[in-house]
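Here are the chains, one letter per residue:
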Amino acid sequence: MKTMHITRIPVALVALVVASLLVCGGCNAIVRGGPLSSVPHDNHGVFLTTGDPPAKYKTLGFVQIRGYGVAIAGLTEVGDAQLNGTIRGTLATEATKMGGTGVIHIEFEDENPQNDAEKAQDAYNSFRRNGSIQTKDRYVTVTGEVVQFTTPLPIQQPLPAAVPPAAAAPPPVAPATPGAPSPPQGTVLH
Amino acid sequence: MRPLRFLPLLALLSLGGCTSVQYVEFPKRTAPGTIFFTAEAVKPPYESVGVIQLTRKGARVFGFADPVGTDLETAMKELTPQIQTSGADGVANVRMHSTPITLGDEILGAIFFFAPIGTQVTITGELVRLGPPRQQVQVVPQ
């Protein structure tokens, strides 16, 4: 009888774990960062891509950046553990310092992102009675190959500047004088 | 005689091997509007929409049950709505990593069923929209 009593506890525990996992809708942690460089390039700043560059290049070196930050109470983050700031900010700055005009083959990893369930748990533990503010160290690692392009990148052709609607309106047509030739349709009067 | 008691378990674990294999098929772009995944770069012209990472955490219960779904295929399915809402056509330069579970781990997990094995899957990549990048029209002030 005693043995049955002991085995009942782990089974209940496992059932609880399984149930909590099944109802855990927020098991995904999705981290987004801003856009890198498109091809053709808009010719602004360092060319950043996770793949191959569209021009010939020489490699200057490799760079690895590890951004550190702290998640506070599952609600906010301070520090540099964001993909956006690490890739488009620090990585681009370091590449420029090395004399590079681009960073290619960028690889990134948010090492310990918090999913919604973990954030909720941290918030609960922080604000419950006798609770303490929960903090969690956050790390983002980014690596890339710093290059200098030896041939020009394909550049995006700028669109012709649009004219405001007021300026685009046709000028008032003067009343036609008898005998004067009327301009052909479709021409612009200056 | 006592060590021999564990002999069947050792034999079972050795039969299990040490290799873990996961297979997932990347969806290809068959028609406009379908999402694609590729581990390579895409041919220009393309527009970068952003970078994305999905991390899915769970546990193996009883050694074989994966109630949350921390395999590559589930993670890819979970990522698809995010790609659609971002306006991208697919993900380029995809990198994947998941916790390898060997048959030996499953056997041990079944024996020590009260201790689930923590698992995790991570997918990273660059969201891209095929075609020339969209430009913002600059309005010249009068």
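Report on the accompanying structure. (Residues numbered from 1 in each chain as written. Chains lettered and ligands numbered in written order. Predicted model: local features only at pLDDT ≥ 70, side-chain atom pairs only at ≥ 80, totals over all residues. Heavy atoms only, no water.)

1. Re the overall build of chain B
- What chain B contains, in helices and strands, is 3 helices and 4 strands.
- Mapped in sequence order, the helices and strands of chain B form the string α-β-β-α-β-α-β.
- Counting over 142 residues, chain B shows a buried share of 41%.
- When contacts within chain B are restricted to residue pairs at least 6 apart in sequence, long-range pairs at least 24 apart make up 81% of them.
- Summed over all atoms, the accessible surface of chain B reaches about 8100 Å², with 61% contributed by carbon and sulfur. (Helix = DSSP H or I, 4+ residues; strand = E, 2+ residues; numbered from the N terminus. Buried < 20%, exposed > 50% of the residue type's maximum accessible area, 1.4 Å probe, protein only. Contact = heavy atoms within 4.5 Å. Areas by Shrake-Rupley, 256 points an atom, 1.4 Å probe, with all protein chains shown as cover.)

2. Some remarks on the sheet that holds strand β3 (residues 90–98) of chain B
- Across the sheet, 5 strands lie side by side as β1(A)-β2(B)-β4(B)-β3(B)-β1(B); this open sheet has mixed pairing. Every interior strand has two partners, whereas the edge strands, β1 (28–33) of chain A together with β1 (36–37) of chain B, have only one.
- Sitting on the sheet, helix α2 (residues 83–97) of chain A touches β1 of chain A together with β2 (46–60) of chain B, and the angle it makes with β1(A) is about 25°. (Pairing = 2+ DSSP bridges. Axes fitted to C-alpha atoms, helices over the stretch in contact; angles between N-to-C directions.)

3. Let's talk about the side chain of S37(A)
- Tracing the backbone through its elements, the reader meets S37(A) in the loop between β1 and β2 (47–48).
- Residue contacts for S37(A): discarding those within four places in its chain leaves V46(A), F47(A), L48(A), Y46(B), S48(B) and E126(B).

4. Things to note about the side chain of E126(B)
Residue and element names in this part refer to chain B.
- Assignment of secondary structure puts E126 in strand β4 (residues 117–130).
- Buried charged residue E126 carries no salt bridge. Nearest counter-charge: R95, at 9.6 Å.
- Polar side-chain contacts of E126 include one of 2.9 Å to the side chain of S48. (Lys, Arg positive; Asp, Glu negative; His and termini not counted. Salt bridge = Lys/Arg side-chain N within 4 Å of Asp/Glu carboxyl O. Polar contact = N/O pair within 3.5 Å; in protein donor to acceptor, adjacent residues only side chain to side chain.)

5. Some remarks on the packing of aromatic side chains
- Summed over the entire model, instances satisfying the criterion amount to 6 aromatic pairs over all chains.
- Judged by centre distance (5.7 Å) and plane angle (80°), the ring pair of F47(A) and F149(A) falls under edge-to-face. One end of the pair, F47(A), is in strand β2; the other, F149(A), is in strand β6 (residues 135–149), and 102 residues separate them in sequence.
- We classify F47(A) as buried; its relative accessible area is 0%.
- Assessed through its relative accessible area of 15%, F149(A) is described here as buried.
- Ring geometry for F113(B) against F114(B): centres 5.6 Å apart, planes inclined by 75°, an arrangement best described as edge-to-face.
- Judged by relative accessible area, which is 43%, F114(B) ranks as partly exposed. (Phe/Tyr/Trp six-rings, centres within 6.5 Å; stacked < 30°, edge-to-face > 60°.)

Function cannot be read off these values alone, since they describe shape.
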